[in-house]
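# Observations on the three-dimensional arrangement
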Amino acid sequence: MVPTPLGNLADITERARAILRETAWVAAEDTRHSAPLLKYLGSRARLLAAHEHNEEQAAARILALLAAGESVALISDAGTPAISDPGARIVASVHAAGGRVIPLPGACAATTALSAAGLSHPHWFFYGFLPASASQRQKALNDLAGLACALVFYEAPHRVLKSVVDMNKCLGATRTLVIAREISKQFEQICRLPLGEAAAWLKADAMRQKGEFVLIVAADENAREKAVADSGLRALRLLLQEGLPKSQAVRLAAALTGANRNALYECALADE
């Protein structure tokens, strides 16, 4: 499993460079897209197609190569294979056949964008690409609205405006949105703004709707506070059930979960 650069070819790791030079076979999402990369690296590997429409057949061919003692490097067009890209079924087939799967660390658009998002919440949920239809997209967003974590999406240029409009409708105008566009490419752009202003920002310049996107919606602070309070209350009740004195149980529950100590003490009194 070999991650390839998101844009800048210099981002490839030394290990990935060595693997792609030494391996006789490279399974690629788009062989036409990957051929220039292999040429740049000086690789003479033979390419075989492994995309979403032929993944089962590609898996069978790869298993035959592995059974013959060959090694195969699996790549996608950019980033880490099998992360919102083809590859998962191939990996599952190799595991099922008792083969060895070796993942290389490397480029991933989601984690790269997160590192530049400046969001303090420690938890995030990676969704990938939202559904294409408006009704299914809105249902997915409504299902995610109550999660107490940042939400990370990939989006295509022809749908980014529609997705941002639906995010505003389903998640709320005040939540922060980070738009990371064309990561590691010439026209890279990272913008932080309230969801309610995102559609107008995209419309203000046609270039802002071009390229590949990572969209990160900050955690809903109300949901976050409720989650902390709920976890604190659960911890408090468990500690009280173990026979700890009320003051000690409150102190420990607050320290473990971050919940408000005074609120927990009031709950402890109310439960008497």
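Look up: the structure comes first, before these words.
Below: a short report on this structure. (Residues numbered from 1 in each chain as written. Predicted model: local features only at pLDDT ≥ 70, side-chain atom pairs only at ≥ 80, totals over all residues. Heavy atoms only, no water.)

Moving on, we come to the environment of Ser-184. Among the structural elements, Ser-184 can be located in the loop between strand S6 (176-181) and strand S7 (189-194). Excluding residues that lie within four positions of it along the chain, Ser-184 makes contacts with Leu-6, Gly-7, Asn-8 and Asp-11. (Helix = DSSP H or I, 4+ residues; strand = E, 2+ residues; numbered from the N terminus. Contact = heavy atoms within 4.5 Å.)

The next subject is helix H3 (residues 55-67). Structurally, the α-helix is built with 3.6 residues per turn, so residues lying three or four positions apart point the same way. Across its 13 residues, H3 extends 18 Å between first and last C-alpha, which sits within 8% of the 18 Å expected from 1.5 Å per residue. Listing the buried residues of H3 in full gives Glu-55, Ala-58, Ala-59, Ile-62 and Leu-65. Along the axis of H3, the buried positions cluster into a sector of 125 degrees, meaning they face one direction only. Set apart from the buried face of H3 by more than 90 degrees, the exposed residues are Glu-56, Gln-57 and Ala-67. In the core, the buried residues of H3 are packed alongside strand S1 (25-28), strand S2 (46-49), strand S3 (72-75) and helix H4 (88-96). Backbone geometry just downstream of H3 places Gly-69 in the positive-phi region, at approximately 90 degrees. (Expected span 1.5 Å × (residues − 1). Buried < 20%, exposed > 50% of the residue type's maximum accessible area, 1.4 Å probe, protein only. Arc of directions from axis to C-beta.)

It is the contact of helix H10 (residues 246-257) with helix H11 (residues 261-270), at a shortest axis distance of 9 Å, that shows an interaxial angle of 140 degrees. The angle between the axes of H10 and H11 places the two elements in the oblique class. For the pair H10 and H11, the sense of crossing is right-handed. Touching Lys-246, Val-250, Arg-251, Ala-253 and Ala-254 of H10 are Arg-261, Leu-264, Tyr-265, Ala-268 and Leu-269, all from H11. Grouping the amino acids of the contact of H10 with H11 by side-chain chemistry returns seven nonpolar, no polar and three charged. (Axes fitted to C-alpha atoms, helices over the stretch in contact; angles between N-to-C directions. Parallel < 35°, antiparallel > 145°, perpendicular 65-115°, else oblique. Left-handed = near helix turned anticlockwise from the far one by under 90°. Nonpolar A, V, L, I, M, F, W, Y, C, P; charged D, E, K, R; others polar.)

For the rest of this paragraph, the subject is the nonpolar core. Grouped together as the largest cluster of nonpolar side chains are 24 residues, with contacts concentrated most on Phe-153, Met-167, Leu-171, Leu-177, Ile-179, Leu-215 and Val-217. Those elements giving two or more residues to this core turn out to be helix H6 (134-144), strand S5 (150-155), helix H7 (160-171), S6, S7, helix H8 (195-203) and strand S8 (213-217). Residue contributions to this core peak at five residues, all from H7. For Ile-179, the residues in contact, after removing those within four places along its chain, are Gln-189, Ile-190, Cys-191, Leu-193, Trp-201, Leu-202, Phe-213, Val-214 and Leu-215. In terms of nonpolar packing, the next biggest core, distinct from the first, is built from 15 residues, Leu-6, Ala-150, Val-152 and Val-214 among them. (Core = buried A, V, L, I, M, F, W, Y, C linked by side-chain atoms within 4.5 Å.)

For Arg-181, the location among the structural elements is in strand S6. Using a relative accessible area of 5% as the deciding quantity, one classes Arg-181 as buried. The contact partners of Arg-181, leaving out residues within four places of it in the chain, are Phe-187, Glu-188, Gln-189, Met-207, Arg-208, Lys-210, Glu-212 and Phe-213. A polar contact is formed between the side chain of Arg-181 and the backbone oxygen of Lys-210, at a distance of 2.9 Å. (Polar contact = N/O pair within 3.5 Å; in protein donor to acceptor, adjacent residues only side chain to side chain.)

Let us now look at the pairing of S2. Sheet topology note: the S1/S2 ladder contains four bridges and is parallel. By the bridge assignment, Ala-28 is partnered in S2 with Ala-49. Following the backbone out of S1, through helix H2 (residues 31-41) and into the adjacent parallel S2, one traces a crossover that is right-handed. (Pairing = 2+ DSSP bridges. Right-handed = clockwise from strand over helix to strand, strands pointing away.)

If you trace the three strands from one edge of the open sheet to the other, you get S2-S1-S3, paired in parallel fashion. Each having just a single partner strand, S2 and S3 make up the two edges of the open sheet. Averaged over all pairs of adjacent strands, the angle between strand axes in this sheet comes to 25 degrees, irrespective of strand direction. The pairing of S1 with S3 spans four bridges and is classified as parallel. Along S3, the bridge assignment pairs Trp-25 with Val-72. Contacts from H3 reach S1, S2 and S3 within the one sheet, and its direction differs from that of S2 by about 145 degrees.

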